[in-house]
Amino acid sequence: LLSVMFTGLQWWDSHRMKRLEMRAWVQRVYVRLGEPLTLGKRPVAEAFFMNAGKTPASNVQSRIWLALLTREQPLLYPPTEGLFSKTHMGPNAPLSAPVQLREPFNAAYMEGLVSGHFRLVLYGILEYDDIFQQHHKYRWCSVYVPTNPRASENFTSCSEHNDELE
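Right, let's walk through the structure included here. (Residues numbered from 1 in each chain as written. Predicted model: local features only at pLDDT ≥ 70, side-chain atom pairs only at ≥ 80, totals over all residues. Heavy atoms only, no water.)

All right, on to helix 2 (residues 107–115) then. Burial in helix 2 covers these residues: Y109, G112 and L113. Projected down its long axis, helix 2 shows its buried positions confined to an angular sector of 100°, all on one face. Residues of helix 2 that are exposed and angled more than 90 degrees away from the buried face: E111, V114 and S115. For helix 2, the elements touching its buried residues are strand 3 (57–70), strand 6 (118–129) and strand 7 (135–144). (Buried < 20%, exposed > 50% of the residue type's maximum accessible area, 1.4 Å probe, protein only. Helix = DSSP H or I, 4+ residues; strand = E, 2+ residues; numbered from the N terminus. Arc of directions from axis to C-beta. Contact = heavy atoms within 4.5 Å.)

Structural data, given as structure tokens:
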């Protein structure tokens, strides 16, 4: 009887691991500005996602915000704008999501970014379903680093708000 129980436990564990290995894994790969910050223009930032799993992800949707916040302002979840129509992502398929700041950038904002009084934050929620009908939902957050001149590396992950919600 003990042998049967042990065999059943091994089968269950291997089945669970196989599901983890086979499911879709959609994740944020990187975030960047569409172009350098320019006075008088509304900045555009873009988040790039990838399905690193071995199977498709369905009902993929993202809600994102690009916000200029003071150092003291908290992030508000969930973002209510930037809802993209549901889409499908095959294995190794990319998805990009651009978003624009509501107002043009001015000299005070630029000075505030450099001094640390302001922070430019791109954040959101990504949801999708895997082939096992499991719903996945996570929030993510990236903050602009004004000292980095490389366009593809000028955002870094926030110290919080990068976690799975479901």
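What follows covers the layout of surface pockets. Space inside the second largest pocket adds up to approximately 210 Å³. Together, 14 residues line the second largest pocket, and V26, Q27, R28, Y138 and E164 are the ones closest to its centre. Taken together, the elements giving at least two residues each to the lining of the second largest pocket come down to strand 1 (26–33), strand 7 and strand 9 (163–164). The element best represented in the lining of the second largest pocket is strand 7, accounting for five residues. (1 Å grid on protein atoms, 1.4 Å probe; cavity = no way out; pocket = protein on both sides within 12 Å on 5 of 7 lines; lining within 4 Å. Points joined across faces, edges and corners; volume = space filled by probe spheres on them.)

Here the focus is the pairing of strand 6. Looking along a regular strand, one sees the side chains alternate between the two faces of the sheet. The element strand 6 is largely enclosed, with a buried count of 11 among its 12 residues. Bridge count between strand 6 and strand 7: nine bridges; the pairing is antiparallel. When the bridges of strand 7 are listed, E127 appears paired with K137. Hairpin connection of strand 6 to strand 7: five residues between the antiparallel strands, including Q133 at a positive phi of 60°. (Pairing = 2+ DSSP bridges.)

Let's shift gears to the nonpolar core. Core analysis: the biggest nonpolar cluster contains 30 residues, and F49, L68, L113, L120, L122 and W140 have the highest contact counts within it. If sequence neighbours within four positions are ignored, L68 has contacts with Q73, L101, F105, Y109, L113, F118, R119 and L120. Judged by nonpolar contacts, the second largest core, of nine residues, contains L69, V121, Y123 and V143. (Core = buried A, V, L, I, M, F, W, Y, C linked by side-chain atoms within 4.5 Å.)

As for its placement among the helices and strands, N51 is situated in strand 2 (residues 44–51). Separated by 3.2 Å, the side chain of N51 and the backbone nitrogen of W25 make a polar contact. There is a polar contact of 2.9 Å between the side chain of N51 and the backbone nitrogen of G53. Not counting chain neighbours up to four residues away, the residues in contact with N51 comprise A24, W25, V26, P56, A57, M89, G90, P91, N92 and A93. (Polar contact = N/O pair within 3.5 Å; in protein donor to acceptor, adjacent residues only side chain to side chain.)

Okay, the packing of aromatic side chains next. Counted under the stated rule, the structure contains six aromatic pairs. Relative to F155, the ring of Y144 has its centre 5.6 Å away and its plane inclined at 65°; by these criteria the two rings are edge-to-face. Remark: F155 occurs in strand 8 (residues 155–157) and Y144 occurs in strand 7; sequence separation between them is 11 residues. An identical accessibility class is assigned to Y144 and F155; each is buried. Linked through ring pairs, F105, Y109 and F118 together constitute an aromatic cluster. Positioned above the aromatic ring of W25, the side-chain terminus of R23 is 3.5 Å from the ring centre. (Phe/Tyr/Trp six-rings, centres within 6.5 Å; stacked < 30°, edge-to-face > 60°. Lys NZ or Arg CZ within 6 Å of the ring centre and 35° of its normal.)

To continue, consider the sheet that holds strand 2. Ordered by their spatial adjacency, three strands build an open sheet running 1-2-5, and the pairing between neighbours is antiparallel. In the strand order of this sheet, the two ends are held by strand 1 and strand 5 (94–100), each with one partner. In this sheet, adjacent strand axes meet at a mean angle of 20° when their direction is disregarded. Judged from the seven bridges that link them, strand 1 and strand 2 form a sheet pairing that is antiparallel. Residue Y30 lies in a different strand from strand 2, and its bridge partner there is F48. (Axes fitted to C-alpha atoms, helices over the stretch in contact; angles between N-to-C directions.)

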